[in-house]
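Structural characterization, general
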Amino acid sequence: MFHRRTLLASALASSLPWPAWAQSSTGSAGKNSLTLGMALEPPMLDPTVSAAAAIGEIVHYNLFETLTKITPEGTVLPLLAQRWDVAPDSKTFTFHLRQDAQFHNGQPLTADSVQFSFARAASSTSTNKDKALFAQLKVTAKDRFTVVIESAHSNPDLLFLLGQATAIIVEPQSAATNATTPVGTGPYRVQQWQKGSRLTLLAWPQWREAGRIALQRVTFRFIPDAAAQATALLAGDVDAFPRIGVRSVAQFQSDPRFQVLISGSRAKTILSINNTRPPLNDVRVRRALAAAIDRQAVITGAAEGFGVPIGSHYTPNAPGYIDTTGINPFHPERARQLLQEAGVTLPLKLHMTLPPTPYARQGGEVIAAQLAQVGVQVQLINVEWAQWLSQTYGAKQYDLTLISHVEPLDLGNYAKPDYYWGYQSSRFNALYARIQASANPEERLQLLADAQRLLAEDCVNVFLYQPQWITIAKTGLRGLWRDMPIAANDLSSLGWA
């Protein structure tokens with residue numbers, strides 16, 4: 001997937017003529033182009049179809065836009081909606097759309113576009129990973145530029161959720177082909193995609209605020225190997241690398257040619273467990289795995305120390321966080337006892353699939369060595385990203401896998417009966433329903449704490465750490481996000497000093 005291949009004649013290129021500056025490549029010296037590094041290549045370009053976060057890293061806020069926009073600080077600002085009104089019970093939201101937005105194919109943005117987009121996300125054939133959210137929404141086009149959204153439950157987080165990549169507004173006539181030929185309302189369009197190597201965006205001259213876009217050409221280069229990422233930066237082949245493999249940090253921190261940003265995140269790096277497979281369907285076995293793993297050693301080995309231990313599917317900077325690391329602490333002797341109580345014959349042989357990210361490949365080795373100390377033999381299976389998405393996440397063909405869940409506010413995944421870790425809990429489902437139904441801030445925080453404890457007690461997965469994302473860039477690049485509540489690269493804010 002990541003080897004160079006023949007340059008494809010791009011079906012993604014616009015049928016409209018490009019201006020003269022778009023016909024030639026201008027390096028960063030030209031002050032209007034940029035090359036960004038990415039560890040993973042997206043499988044497609046529609047974030048409403050696939051759960052791969054790499055899609056949003058390219059298209060979110062660049063090709064496609066949402067009603068609201070999430071800032072680096074985690075606050076919410078207007079985007080396609082100029083303003084909104086929220087009912088006191090946080091069930092009814094009235095959005096007033098901007099009237100100067102249009103899609104790349106020339107069609108105007110209207111309330112009907114919003115209604116279509118959310119109905120599509122909620123439909124029976126939808127593969128949107130947030131389908132459950134949209135299924136709870138009734139969307140009405142009140143007039144051409146006014147949309148009323150009624151939620152089945154009180155949802156004070158809705159403004160934030162509607163700023164995520166799964167809530168992009170699409171154009172009805174072109175929606176079916178967005179995976180390969182994306183048509184949005186954003187400031188960029190795809191020029192070409194050289195599969196396995198790079199993808200290039202060009203600024204769209206008809207965007208409503210085209211005059212403020214500093215970067216006219218942006219190329220994403222796909223480089224999964226941590227050493228190759230550092231080499232590309234040092235050679236000048238890449239100008240910036242958000243969320244870079246952290247083993248590259250030290251050599252850049254004292255180099256005046258580069259800036260190093262250490263960002264907070266809402267990501268959760270976990271050892272996902274297939275709860276449907278014996279003996280992993282026994283909570284004692286899952287607790288044994290957790291007790292065998294030293295979180296701090298994993299953070300050191302996989303993330304060079306850039307991480308904070310977590311004990312549930314929640315991060316310290318999120319509302320209602322409680323420290324649950326003490327529920328399943330590192331205790332190898334306890335791990336052996338639990339395996340014996342569960343009647344497990346040692347050695348217990350398991351498989352762990354590892355996607356190509358450096359943290360997964362490095363962390364997998366650390367975890368396998370720790371599990372071996374308590375009699376659990378783990379075979380590491382390195383897979384490419386597309387294979388992980390289709391077989392591990394999609395077909396659920398795995399025992400264990402090491403992965404970062406980067407989305408904020410994603411506790412609801414544990415209430416999905418067909419989600420890839422196969423967790424089934426009527427207690428959690430009832431608790432999550434109460435969270436959704438509550439409009440009382442204090443009650444919601446208490447319920448969120450209860451949910452964190454329950455997931456830790458059930459040891460659904462081995463919750464490891466909250467990663468700190470590292471961005472390394474040339475010193476002259478301005479506008480980089482210092483904190484990253486979502487995985488996005490907002491190109492409209494970037495420019496050269």
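Below: a short report on this structure. Since the model is a prediction, treat every value here as computed from it, not as a measurement.

Re the pairing of strand 18 (residues 462-467)
- The element strand 18 is largely enclosed, with a buried count of six among its six residues.
- When strand 13 (residues 268-273) meets strand 18, the two strands line up antiparallel, connected through three bridges. Residue Thr 269 lies in a different strand from strand 18, and its bridge partner there is Tyr 465.

Brief notes about the sheet that holds strand 7 (residues 146-151)
- Strand order in the open sheet formed by four strands is 4-5-7-6, with antiparallel pairing between adjacent strands. Whereas interior strands pair on both sides, the edge strands pair on one side only; in this sheet they are strand 4 (81-86) and strand 6 (137-143). For this sheet, the mean inter-axis angle between neighbouring strands, taken without regard to orientation, is 20 degrees.
- Relative to strand 7, strand 6 runs antiparallel, the two being bridged by six bridges. Across the sheet, the residue bridging to Val 139 is Ile 149, located in strand 7.
- Against the sheet, helix 2 (residues 111-122) engages strand 5 (92-97), strand 6 and strand 7, with an angle of about 165 degrees to strand 6.

Some thoughts on the pattern of salt bridges
- Using the criterion set out here, one finds 17 salt bridges in the structure.
- Across the pair Glu 209 and Arg 212 runs a salt bridge, and its minimum N-O distance is 3.2 Å.
- The partly exposed category is assigned to Glu 209, whose relative accessible area is 30%.
- Take Arg 212: its relative accessible area is 44%, and that puts it in the partly exposed class.
- The partner of Asp 282 in a salt bridge is Arg 284, and the shortest N-O contact between them spans 2.8 Å.
- Overall, Asp 282 belongs to the buried group, its relative accessible area being 18%.

Observations concerning the sheet that holds strand 15 (residues 348-354)
- Within the open sheet, the six strands sit side by side as 14-18-13-17-15-16. Their pairing is mixed. Whereas interior strands pair on both sides, the edge strands pair on one side only; in this sheet they are strand 14 (307-309) and strand 16 (376-382). Averaged over neighbouring strand pairs, the angle between their axes works out to 30 degrees when direction is ignored.
- As paired strands, strand 13 and strand 17 (residues 400-405) are joined by six bridges and run antiparallel to one another. For Ile 270, the partnering residue across the bridge sits in strand 17 and is Ile 403.
- On top of the sheet, helix 8 (residues 295-303) reaches strand 14 and strand 18; it is set at about 50 degrees to strand 18, its chief contact.

A few points about the side chain of Glu 65
- Looking at where Glu 65 falls in the secondary structure, it is placed in the loop between helix 1 (53-59) and strand 2 (68-70).
- One polar contact links Glu 65 to Thr 185, side chain to side chain, over a distance of 2.7 Å.
- Those residues in contact with Glu 65 that sit more than four places away from it in its chain are Leu 79, Leu 80, Ile 168, Ile 169, Thr 185, Gly 186, Pro 187, Trp 207 and Arg 208.

Let's talk about empty space enclosed by the protein
- Tallied over the full model, the rule gives six cavities of 30 Å³ or more.
- The calculated volume of the largest cavity comes to roughly 230 Å³.
- What lines the largest cavity is a set of 17 residues, and nearest its centre among them are Ala 53, Lys 129, Ala 165, Glu 407 and Ala 487.
- The class makeup of the residues in the lining of the largest cavity is nine nonpolar, five polar and three charged.
- In this structure, the second largest cavity spans a volume of roughly 90 Å³.

Each value, and the rule that gives it
- Residues numbered from 1 in each chain as written.
- Predicted model: local features only at pLDDT ≥ 70, side-chain atom pairs only at ≥ 80, totals over all residues.
- Heavy atoms only, no water.
- Buried < 20%, exposed > 50% of the residue type's maximum accessible area, 1.4 Å probe, protein only.
- Helix = DSSP H or I, 4+ residues; strand = E, 2+ residues; numbered from the N terminus.
- Pairing = 2+ DSSP bridges.
- Axes fitted to C-alpha atoms, helices over the stretch in contact; angles between N-to-C directions.
- Contact = heavy atoms within 4.5 Å.
- Salt bridge = Lys/Arg side-chain N within 4 Å of Asp/Glu carboxyl O.
- Polar contact = N/O pair within 3.5 Å; in protein donor to acceptor, adjacent residues only side chain to side chain.
- 1 Å grid on protein atoms, 1.4 Å probe; cavity = no way out; pocket = protein on both sides within 12 Å on 5 of 7 lines; lining within 4 Å.
- Points joined across faces, edges and corners; volume = space filled by probe spheres on them.
- Nonpolar A, V, L, I, M, F, W, Y, C, P; charged D, E, K, R; others polar.

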